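# Coordinate inspection notes
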Amino acid sequence: MEQFDVVVVGAGLAGLQATRLLARRGVRVLLVDRKRSLEDSVHTTGIFVRRTLEDFPVPGDCLGRPVRRVTLYSPARRALTLESPHEEFRVGRMGKLYARLLEEARGAGASWSPATRYAGLEDAGRGGSRVLLERGGRARPVCARYVVGGDGARSRVARDLGLDENREWVVGVEDVFRGVPLEGEPCLHCFLDPRLAPGYLAWVVHDGEETHVGVGGYASRFDPVRALESFRESVAGMFDFRPARHAERRGGRIPIGGVLKRIANARGLLVGDAAGAVSPLTAGGLDPCMRLSSLAASVVAEYVETGDESALARYSGERFRARFVSRLWMRRLLSHVRSPFLVEAGCALLRRPPLDALARHVFFGRGSFPDVEAAPAVQTKVRGAAV
Ligand SMILES: Cc1cc2nc3c(=O)[nH]c(=O)nc-3n(C[C@H](O)[C@H](O)[C@H](O)COP(=O)(O)OP(=O)(O)OC[C@H]3O[C@@H](n4cnc5c(N)ncnc54)[C@H](O)[C@@H]3O)c2cc1C
């Protein structure tokens, strides 16, 4: 049976970032994904915030044009436009970016197994695991000292490791178009309307090359595909879709309960959506993917190099949850707002001082995920227990 130091399950942004950093540290790492090609079924809009682009070298040719402007619309479509002197957002060309990160990981020595489904874990003794993989209908078990679960919002690895699992979600669905004419500057348009997007928002982000039109909300309160269709019809007067080509439909669950508490133990740890590392307020998960996976790679490399379990204490969801308290409360508040009239009144307040500053803070603030290295350490015993 093949032996690896680490098996990473899931080649989304979180798994790819962890894999390439582990490989660069000389760790023998295998990355697996059930997808045949990483460009298949991308589920994210891919909006990167300024802080990520400043702190991580995301290749410029994998990003759309910079966006400095946000327009927030009330249910009655009253607009509040926020301008920033900075390039606040760029939409990732995610298929291309995933392929680039994979190339880097393989260049650094990582092994890659596409079209490979993770099917479970068995204890292999001496602290290792037998990782049950299936490819082309055939079992292909491998041995690993450690397992990293980057397998998304409904992580099977989390369950198999006995770690915490996501329980609260919104769902998002969007259409991507190419060739929608752009008038003026690229802009992120956000629509607050509980009839279209209950508990979250609808969006159009147009960077001059791609236009993403999407809706998100609590699954129990709407039919996302029908809501997307009526939303697109409702913005047809603002954007000219006639010359455009429909490129793809994307969608999926977004965990919004905040970073889970128990995200690591002596057999494995979780990254990205599997760890609940998504802002409960904005539902942004790409910045958390980059930050948490960078920490995960450093912790895992230290652990497999030294065998010292105290290295894992640095990787505790408790460290980050405290930084999400206000956002979790705001999320709870939003989840109860069902009346368009209330949202209209809230939007009217946001257009005036001092609450206009809050809108600027939500969109242009730099707080999407705590700086993981700076977060306070937690004193926890780790032998056999979650940290
Ligand atoms: C519609 C939508 C729009 C979004 N837009 C934004 C945005 O603009 N900006 C932002 O910051 N965040 C956004 N998010 C959130 C963000 O996309 C996610 O937080 C982020 O992509 C999570 O990355 P990940 O690597 O953790 O998981 P994923 O990207 O879900 O990757 C998980 C991978 O694991 C693989 N996998 C799962 N199970 C198995 C298995 N059993 N065996 C093998 N492989 C498996 C999957 O195939 C997948 O490739 C959006 C989310 C949605 C749904």
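Rules behind the numbers
- Residues numbered from 1 in each chain as written.
- Predicted model: local features only at pLDDT ≥ 70, side-chain atom pairs only at ≥ 80, totals over all residues.
- Heavy atoms only, no water.
- Helix = DSSP H or I, 4+ residues; strand = E, 2+ residues; numbered from the N terminus.
- Rg over C-alpha atoms; globule rule 2.2 N^0.38 Å.
- Buried < 20%, exposed > 50% of the residue type's maximum accessible area, 1.4 Å probe, protein only.
- Contact = heavy atoms within 4.5 Å.
- Areas by Shrake-Rupley, 256 points an atom, 1.4 Å probe, with all protein chains shown as cover.
- Lys, Arg positive; Asp, Glu negative; His and termini not counted.
- Charge placed at Lys NZ, Arg CZ, Asp CG, Glu CD.
- Pairing = 2+ DSSP bridges.
- Axes fitted to C-alpha atoms, helices over the stretch in contact; angles between N-to-C directions.
- Expected span 1.5 Å × (residues − 1).
- Arc of directions from axis to C-beta.
- Near = heavy atom within 4 Å.
- Polar contact = N/O pair within 3.5 Å; in protein donor to acceptor, adjacent residues only side chain to side chain.
- Phe/Tyr/Trp six-rings, centres within 6.5 Å; stacked < 30°, edge-to-face > 60°.
- Lys NZ or Arg CZ within 6 Å of the ring centre and 35° of its normal.
- Right-handed = clockwise from strand over helix to strand, strands pointing away.

## So, the overall build of the protein chain
What the protein chain contains, in helices and strands, is ten helices and 17 strands. Computed over its C-alpha atoms, the radius of gyration of the protein chain comes to 21 Å, within 12% of the 21 Å expected for a compact globule of 387 residues. Across its three principal axes, the protein chain shows a C-alpha extent of roughly 65 × 45 × 40 Å. Put simply, the protein chain has 387 residues, and 55% of those count as buried. Long-range pairs, those at least 24 residues apart, make up 72% of the contacts in the protein chain with a sequence separation of at least 6. Only carbon and sulfur atoms are counted for the fraction: they give 50% of the accessible area of the protein chain, which is about 16,900 Å². If the 58 positive side-chain charges of the protein chain are averaged to one point and the 45 negative ones to another, these points end up 3 Å apart.

## A closer look at unusual backbone geometry
For the peptide bond that leads from Pro-353 to Pro-354, omega is 5 degrees, which places it in the cis range. Tracing the backbone shows Pro-354 in the loop between helix 9 (340–350) and helix 10 (355–364). You will see that Ala-283, though not glycine, has its phi angle at about 65 degrees, which is positive. If you trace the backbone, Ala-283 turns up in the loop between strand 17 (268–270) and helix 6 (286–306).

## Regarding the sheet that holds strand 13 (residues 187–191)
Ordered in space as 5-4-13-14-15-12-16, the seven strands form an open sheet in which the pairing is mixed. Single-partner strands in this sheet number two, and they are strand 5 (79–83) and strand 16 (245–255). When the angles between neighbouring strand axes are averaged without regard to direction, this sheet yields 15 degrees. Two strands pair when backbone bridges link them, and strand 4 (residues 69–73) and strand 5 are joined in this way by five bridges, in the antiparallel orientation. Bridging from a neighbouring strand, Tyr-73 pairs with Ala-79 of strand 5. This element, helix 5 (residues 224–234), spans strand 12 (169–178), strand 13, strand 14 (202–206), strand 15 (210–217) and strand 16 of the sheet and lies at about 130 degrees to strand 15.

## Brief notes about helix 8 (residues 325–336)
Taking 1.5 Å per residue as the helical rise, helix 8 with its twelve residues ought to reach 16 Å, and the 17 Å between its terminal C-alpha atoms agrees with that figure. For helix 8, every residue scored as buried is listed here: Arg-327, Leu-328, Arg-331 and Ser-335. Relative to the axis of helix 8, the buried residues are bounded by an arc of 100 degrees and lie together on one face. Facing away from the buried side of helix 8 by over 90 degrees, the exposed positions are Trp-329, Leu-333 and His-336. Residues of helix 8 that are buried in the fold lie against helix 7 (317–321).

## Overview of the site of the ligand
Of all residues adjacent to the ligand, which total 30 residues, the nearest are Asp-33, His-43, Thr-44, Ile-47 and Asp-273. In this structure, an oxygen atom belonging to the ligand sits 2.6 Å away from a side-chain N or O atom of Asp-33. In the complex, the protein chains occlude 92% of the 1,000 Å² of accessible area that the ligand would expose alone. For the shell around the ligand, the secondary structure elements donating two or more residues are helix 1 (13–24), strand 8 (116–125), strand 16 and helix 6. No other element matches strand 8, which puts three residues into the shell around the ligand.

## Remarks on the packing of aromatic side chains
Counting across every chain of the model gives seven aromatic pairs. Taken together, a centroid distance of 6.4 Å and an interplanar angle of 45 degrees make the contact between Phe-89 and Phe-364 tilted. Linking Phe-89 in strand 6 (residues 89–91) with Phe-364 in helix 10, this pair joins segments that are 275 residues apart in sequence. With respect to class, Phe-89 is no different from Phe-364; both count as buried. On the numbers, 4.9 Å between centres and 45 degrees between planes, the contact of Phe-177 with Phe-241 is tilted. Placement of the pair is Phe-177 in strand 12 and Phe-241 in the loop between helix 5 and strand 16, with a sequence separation of 64 residues. Members of the aromatic cluster, connected to one another through ring pairs, are Tyr-73, Phe-191 and Phe-231. Cation over ring: Arg-28 sits above Phe-4, and NZ or CZ is 5.3 Å from the ring centre. The ring of Trp-329 has Arg-332 lying over it, and the distance from NZ or CZ to the ring centre is 5.9 Å.

## What to know about the pairing of strand 1 (residues 3–9)
Across the seven residues that make up strand 1, a large majority, five, are buried. Of the pairings in the sheet, the one linking strand 1 to strand 11 (residues 142–149) comprises six bridges and is parallel in character. The partner of Val-7 across the bridge, within strand 11, is Val-147. Here strand 1 runs beside strand 2 (residues 29–32); their pairing, made up of four bridges, is parallel. Across the sheet, residue Val-6 finds its bridge partner in strand 2, namely Val-29. Note on the crossover from strand 1 through helix 1 to strand 2: the handedness is right-handed.

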